[in-house]
2 protein chains.
Amino acid sequence: MATATIRDVARTAAVSVASASRALNGHPSVTPATRTRVLEAADALNYVPHLGARSLSTRRSNTIGVVLPDLFGEFFSEIIRGIDYAAHRRGLQLLLSNMHGSAQETAAALRAMRGRVDGLLVMSPQLDADFLAHNLPKGLPAVVLNGRIEGARHASIAIDNQAGAHAAVAHLVEQGCKRIAHLSGPKGNADADERARGFRDAVATMLGDHDPIVLAGDFSEEAGIAAGTALAGRDVDGIFSANDIMAIGCMAALTEAGRMIPGDIAMVGFDDVPIARYVTPALSTMRVHIAQLGESALERLVATIEADEPPEATAEFLMPELVVRASSARTGTVTSTKGPHDRTQGRVV
Amino acid sequence: MATATIRDVARTAAVSVASASRALNGHPSVTPATRTRVLEAADALNYVPHLGARSLSTRRSNTIGVVLPDLFGEFFSEIIRGIDYAAHRRGLQLLLSNMHGSAQETAAALRAMRGRVDGLLVMSPQLDADFLAHNLPKGLPAVVLNGRIEGARHASIAIDNQAGAHAAVAHLVEQGCKRIAHLSGPKGNADADERARGFRDAVATMLGDHDPIVLAGDFSEEAGIAAGTALAGRDVDGIFSANDIMAIGCMAALTEAGRMIPGDIAMVGFDDVPIARYVTPALSTMRVHIAQLGESALERLVATIEADEPPEATAEFLMPELVVRASSARTGTVTSTKGPHDRTQGRVV
DNA sequence: CTGTTAGCGCTTTCAG
DNA sequence: CTGAAAGCGCTAACAG
């Protein structure tokens, strides 16, 4: 039994499809009598409108496309949660697509959105402006999340990584650290690169250290463990990790190697993923309101869509905030450490 | 500059739209010559097919609708990850929709999928079969995840909660626990109810305890903390929590109240969310391969769609496995406890 | 092999 | 206020 169409409803109600459509959509110019007849017919037939057809004709899908590099880890689930939250309150649906890797696939994912969404949210820390400009379907509003934006022609919203790195280093220095190392993210990733740059800048100016130890990581826990093992025997009293997950792996490896945290080495991560406050010691980190990042991006996109004007290529930056927890507290800065694992928010500076 | 349509491509290539369509879709019966002409034209115009239109005509969207009760927490992000993984390898997109609460909204979400997806994945531990039967658009293949399935007319895949609860209790008993309490999930949630039932059964048969302590929770960390506080002063030496998050909150509260875990009280959770192995002590739990649950559900749905037959209303059950970590190890069962937080998989029984 | 002709299901002028 | 008709962009018979 094929699902009923608006035609069936019209026929049953003995009106034209036009009237049926109007009645169904609450259009004002319909006699109360016809309206009820149509509504009853629809109900009787258990009619459900075919949204695909509707959007073809209205050129509106009420759907936002979301393209992500991956779905793994808390960072992305938080982003999606934020996007969903904002989308839900506006009655928008989300069409998800992740490009597991290759640029080829990314291009395909981007194109696959054409004709199914009203706008695009693209998160691609490793894609450059040219690629995007070339592969984003023309005429489709888009907001780029968290990507490098130089020379881009679309709106973007990103984290102020350099400032974050500075703040992290400043905090470590304040804790008395003299030899600070950096555990970096994957080369080519905009966020990672900016954090590394910010780190180098900061240690150079604050510590006069022009050749700090920088270990190449890839944002994975394994990379953190490897780095921890490598760092255990070296002359280091502070570490700034490009993300929390690596910091956590690194702390585990260091502890196992007998180094005390924060006693011997103070640690600061980046992101403030939910897990950060559960580990022991609780991880100090640069908090990015991840979910809110997603939320803002969606709001921004909706504004662009509604304005129906050439998307302003403005960039928006979010400043992360320092959250001090046990992993970096060497000078009594942390006031509350209640249990074995400190579940408090931490001191926000 | 409105995006080019297949018409434009056809005109530019000087062929009919039919030929253009055929060439674009790699249909065999097209002269190499025309094919290249079309492809070149498409390239020149930067043509991107309008998938909405295509699916209207093919009655195929290559999209799966996913309806969830919420997006919060690791359980759901893991589920989505699993679904996405399977969808991606089949070239399917995901249309997400979550019903923040009300049945009203859920019904709307379900209907909103009509005409935009080839099948539905519905996850609704608190919805009954009647509601679903009445609100799922007829003729749309659907697989229900993790819900109560009695009397349902659609395929379902769920966790064997009773068996899981039994195994958890058996483990606690084996550890020497005599007075085991249960921290339950929200009433009306199928999983929660089944776990509670399994718990009661188990303590009755294994311990002869016909009136065990059961605290009502709601799957949140706060509920766990409250329960921990309430339980701290009572005569209890083992706790089976209906999910991990509550178990974690409970452990924190108990520890703060001065009770040792697992010394005084052994704890076992349910789910094995990623955080479980990061807390201190690492949490023993009934592992559900959450991501795999999502994966299986998608595979199942795809099979149903391809078979194009009345969806078999078969139920599939996944047996969770016991993972022993520090929180319940009172008899030297855990062989490796390497660091301050044991990051090993735990002993799987 | 290619072009013509109908739709997919819905909305929306444009006349009545 | 209502109906007929023309599409939205694409695919799929059916003839040539």
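Going by the annotation in an unreviewed UniProt entry, the name recorded for chain A is LacI family DNA-binding transcriptional regulator, with Sphingomonas alpina given as the source organism.

(A) Focus on the overall build of chain A. Regarding its fold elements, chain A presents 12 helices and 13 strands. Over its C-alpha atoms chain A spans a radius of gyration of 26 Å, topping by over 25% the 20 Å that the globule rule assigns to 349 residues. Principal-axis analysis of the C-alpha atoms gives chain A an extent of 85 × 45 × 35 Å. Out of the 349 residues in chain A, the part that is buried amounts to 56%. Taking the contacts inside chain A whose residues are at least 6 apart along the sequence as the reference set, 69% of them involve residues at least 24 apart. Carbon and sulfur atoms provide 52% of the accessible area of chain A, an area that totals close to 14400 Å². With 33 positive and 39 negative side-chain charges, chain A shows a separation of 7 Å between the mean positions of the two kinds.

(B) Layout of the protein's contact with DNA strand D. Surveying the vicinity of DNA strand D reveals 25 residues, the closest of which are A:Arg59, B:Ile6, B:Tyr47, B:Arg54 and B:Ser57. Near the protein, within 4 Å, the atoms of DNA strand D are sugar or phosphate in 73% of cases. B:Ser21 is positioned such that a nitrogen or oxygen atom in its side chain is 2.9 Å from a phosphate oxygen of DNA strand D. Between a base nitrogen of DNA strand D and a main-chain N or O atom of B:Ala53, the distance comes to 3.2 Å. Breaking the surface near DNA strand D down by element, the ones donating at least two residues are helix H2 (17–24) and helix H4 (51–58) of chain A together with helix H2 (17–24) and helix H4 (51–58) of chain B. Per element, the largest residue contribution to the surface near DNA strand D is four residues, and it comes from H4(B).

(C) Main features of the protein's contact with DNA strand C. Around DNA strand C, the structure places 25 residues, and the nearest of them are A:Ile6, A:Tyr47, A:Arg54, A:Ser57 and B:Arg59. Measuring from a phosphate oxygen of DNA strand C, one finds a backbone N or O atom of B:Thr31 at 2.9 Å. The element best represented in the surface near DNA strand C is H4(A), accounting for four residues. Of the residues contributing to the surface near DNA strand C, the split by class is nine nonpolar, 12 polar and four charged.

(D) Broad picture of unusual backbone geometry. Look at the link from A:Ile261 to A:Pro262: it is a cis peptide, with omega at 5°. Tracing the backbone through its elements, the reader meets A:Pro262 in the loop between helix H11 (244–256) and strand S9 (266–271). Note that the residue after A:Thr280, namely A:Pro281, is joined by a cis bond; omega there is -5°. Considering the arrangement of structural elements, one finds A:Pro281 in the loop between S9 and strand S10 (284–287). One non-glycine residue, B:Asp271, adopts positive backbone phi at about 120°. Among the residues examined, B:Asp271 registers a relative accessible area of 7% and is labelled buried.

(E) Main features of the relation of the copies chain B and chain A. The transformation that overlays chain B on chain A combines an axial shift of 0.1 Å with a rotation of 180°, and the residual RMSD is 0.2 Å. Look at the turn and shift together and you get a two-fold axis relating the two. Rotation axis and chain B: the residue whose C-alpha lies nearest the axis is B:Leu95, separated from it by 2.3 Å. Comparing interface residues between copies, 100% of those in chain B also lie at the interface in chain A; the contact surface is shared.

(F) Region of the structure containing the interface of chain B and chain A. Across the contact, 52 residues belong to chain B and 52 residues belong to chain A. Taken together, both faces of the contact between chain B and chain A bury some 5100 Å²; the carbon and sulfur share is 56%. Counting the surface chain B buries against chain A, the share from its top three residues, B:Arg114, B:Arg116 and B:Tyr278, is 14%. Counting across the interface, chain B meets chain A through zero salt bridges. The interface formed by chain B and chain A includes 22 residue pairs in polar contact (both at pLDDT 80 or more). Taken together, the elements giving at least two residues each to the side of chain B that touches chain A come down to H4, helix H5 (74–89), strand S2 (93–98), helix H6 (103–111) and helix H11 (244–256) of chain B. Pairing of strand S2 (residues 93–98) of chain A with S2(B), which is carried by three bridges, proceeds in the antiparallel orientation. Among the inter-strand pairings, A:Leu96 is bridged to a residue of S2(B), identified as B:Leu94.

(G) Looking closely at the sheet that holds strand S1 (residues 63–68) of chain A. Sheet architecture is open: 12 strands sit in the order S11(A)-S5(A)-S4(A)-S3(A)-S1(A)-S2(A)-S2(B)-S1(B)-S3(B)-S4(B)-S5(B)-S11(B), paired in mixed fashion. With partners counted over all chains shown, the strands left at the sheet margins are strand S11 (315–318) of chain A together with strand S11 (315–318) of chain B, one partner each. On average, each strand axis in the sheet is inclined to that of its neighbour by 20°, with strand direction left out of account. Examined bridge by bridge, strand S1 (residues 63–68) of chain B and S2(B) share six bridges and lie parallel to one another. Each residue of the ladder has a partner; that of B:Val66, found in S2(B), is B:Leu96.

(H) Region of the structure containing the packing of aromatic side chains. Applying the stated rule across the entire model yields four aromatic pairs over all chains. Feature note: the residues A:Phe199, A:Phe240 and A:Phe270 constitute an aromatic cluster, connected by ring pairs. The side chain of B:Arg195 reaches across the aromatic face of B:Phe270, ending 3.8 Å from its centre.

(I) The pattern of salt bridges, seen in detail. Inspection of the entire model under this criterion finds 26 salt bridges over all chains. With its nearest N and O atoms 3.7 Å apart, the salt bridge here joins B:Asp235 to B:Arg179. Taken together, the residues span a long stretch of sequence, with B:Asp235 in the loop between helix H10 (221–231) and strand S8 (238–241) and B:Arg179 in the loop between helix H8 (161–174) and strand S6 (180–184) at a distance of 56 residues. According to the relative accessible area criterion, B:Asp235 is exposed, its value standing at 57%. For B:Arg259, the salt bridge goes to B:Asp264, with nearest N and O atoms at 3.8 Å. Classification of B:Arg259 by relative accessible area gives buried; the value is 19%. Within this structure, A:Asp272, A:Arg277, A:Arg287, A:Glu321 and A:Arg325 form a network of salt bridges that share partners.

About the cut-offs
- Residues numbered from 1 in each chain as written.
- Chains lettered and ligands numbered in written order.
- Predicted model: local features only at pLDDT ≥ 70, side-chain atom pairs only at ≥ 80, totals over all residues.
- Heavy atoms only, no water.
- Helix = DSSP H or I, 4+ residues; strand = E, 2+ residues; numbered from the N terminus.
- Rg over C-alpha atoms; globule rule 2.2 N^0.38 Å.
- Buried < 20%, exposed > 50% of the residue type's maximum accessible area, 1.4 Å probe, protein only.
- Contact = heavy atoms within 4.5 Å.
- Areas by Shrake-Rupley, 256 points an atom, 1.4 Å probe, with all protein chains shown as cover.
- Lys, Arg positive; Asp, Glu negative; His and termini not counted.
- Charge placed at Lys NZ, Arg CZ, Asp CG, Glu CD.
- Near = heavy atom within 4 Å.
- Polar contact = N/O pair within 3.5 Å; in protein donor to acceptor, adjacent residues only side chain to side chain.
- Nonpolar A, V, L, I, M, F, W, Y, C, P; charged D, E, K, R; others polar.
- Least-squares fit on C-alpha atoms with pLDDT ≥ 70 in both.
- Buried area = accessible area lost by both parts, 1.4 Å probe.
- Salt bridge = Lys/Arg side-chain N within 4 Å of Asp/Glu carboxyl O.
- Pairing = 2+ DSSP bridges.
- Axes fitted to C-alpha atoms, helices over the stretch in contact; angles between N-to-C directions.
- Phe/Tyr/Trp six-rings, centres within 6.5 Å; stacked < 30°, edge-to-face > 60°.
- Lys NZ or Arg CZ within 6 Å of the ring centre and 35° of its normal.

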